[in-house]
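Examining the three-dimensional arrangement
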Amino acid sequence: MEKKMKIEVWSDVMCPFCYIGKRRYEASLADLPFADQIELEWKSYQLNPTLETNLDITTYDYLAENKGMSVAQAKAMTAQVAEMAKTVGLDYDFDKAVVANSFRAHEFSHFAKTFGKQDEAEELLFKAYFTEGKNVDDIGVLQELAAALGLDTAGLAKALEAGQYRDAVREDLYEAQQLGVRGVPFFVYNRKYAISGAQDVDVFKQTMEKAFTEWRKENPASPFEVIEGPSCGPEGCE
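Only a predicted model underlies this, so the values are computations on that prediction, with no experimental measurement involved.

Conventions and cut-offs
- Residues numbered from 1 in each chain as written.
- Predicted model: local features only at pLDDT ≥ 70, side-chain atom pairs only at ≥ 80, totals over all residues.
- Heavy atoms only, no water.
- Helix = DSSP H or I, 4+ residues; strand = E, 2+ residues; numbered from the N terminus.
- Buried < 20%, exposed > 50% of the residue type's maximum accessible area, 1.4 Å probe, protein only.
- Contact = heavy atoms within 4.5 Å.
- Areas by Shrake-Rupley, 256 points an atom, 1.4 Å probe, with all protein chains shown as cover.
- Lys, Arg positive; Asp, Glu negative; His and termini not counted.
- Charge placed at Lys NZ, Arg CZ, Asp CG, Glu CD.
- Core = buried A, V, L, I, M, F, W, Y, C linked by side-chain atoms within 4.5 Å.
- Pairing = 2+ DSSP bridges.
- Axes fitted to C-alpha atoms, helices over the stretch in contact; angles between N-to-C directions.

Let us look at the overall build of the protein chain. Counting its regular elements, the protein chain contains nine helices and six strands. Dimensions of the protein chain, computed from the C-alpha atoms along their principal axes, are close to 75 × 40 × 35 Å. The buried share among the 238 residues of the protein chain stands at 45%. Put simply, 74% of the contacts in the protein chain that link residues at least 6 apart link residues at least 24 apart. Looking at the protein chain as shown, the accessible area adds up to about 12,900 Å², and 50% of this sits on carbon and sulfur atoms. The centroid of the 26 positive side-chain charges in the protein chain is displaced by 2 Å from the centroid of its 40 negative side-chain charges.

Here it is as structure tokens:
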């Protein structure tokens, strides 16, 4: 398999800027000729590790209590974020958002990763949380997402109940502490450059180009310095 440059992104499904950042990151890849030579890996991060899932309160109530603001201020703040989301084609519905601990969602992400579908899983998790108002701490909901990806739903339930991916999530959380991650999204390019927050597309693109140029010099497509001459190949001779 061809070696690829790795990009790691620490993220939490509860973070509205992480979904926006995902879209801007994707946009930065749109017209780059080396997009197929990038490997993206999602890393777990929790904004509130001690949060207890509670279907009886609204997101506004949760924010008001934890951020020291009024419910009206919480609604105004989330409305601004929803408007920002629209600029990248996302539809946030904070009225339906469920206050849920995200640890199990991160376990699901790691489960999907073993089948090469982590990025798709992250997309479904964000959509479920911010648009569809689903409880991402519920095994049944996660099974629905797994089914949409063509993954084994019974295998997922078994893995979650056994805590098969708990250590993997904890390793990500610990690594974030070691790297000094203080907020998400946090994109790390080839372990040399980092972008904190949902920056503009141009910032993602410029960082990508810089990191890839350096990575390619260190990892040439061919181990040889080729002197070209007349030759034949599958498409003919020249």
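Right, picking up where we left off after that structure.
It is worth spelling out the nonpolar core at this point. Within the largest apolar cluster, 67 residues are counted, with the highest numbers of intra-cluster contacts made by Met5, Tyr25, Ile38, Tyr92, Phe108, Tyr189 and Met208. Sort the elements by how many residues they give to this core and helix 5 (residues 118-130) lands first, with six residues. Look past the residues within four positions of Met5 in its chain and what remains in contact with it is Gln37, Ile38, Glu39, Tyr189, Asn190, Met208, Ala211, Phe212 and Trp215.

Pairing is mixed across the open sheet formed by four strands, whose spatial order is 2-1-3-4. Across the chains shown, the open sheet's two edge strands, defined by having one partner strand only, are strand 2 (38-44) and strand 4 (193-196). The mean angle between the axes of side-by-side strands here comes to 20°, regardless of whether they run parallel or antiparallel. By the bridge criterion, four bridges tie strand 3 (residues 186-189) to strand 4 in an arrangement that is antiparallel. For Phe187, the partnering residue across the bridge sits in strand 4 and is Ile195.

Attention now moves to unusual backbone geometry. Residue Val184 is joined to Pro185 through a cis peptide bond whose omega torsion reads 5°. Note on placement: Pro185 falls in the loop between helix 8 (166-179) and strand 3. Non-glycine residue Asn190 carries a positive phi angle of around 55°. Considering the arrangement of structural elements, one finds Asn190 in the loop between strand 3 and strand 4. We note that Arg191 has phi near 55°; this positive angle belongs to a residue other than glycine.

Any functional reading would require information that these geometric values do not contain.
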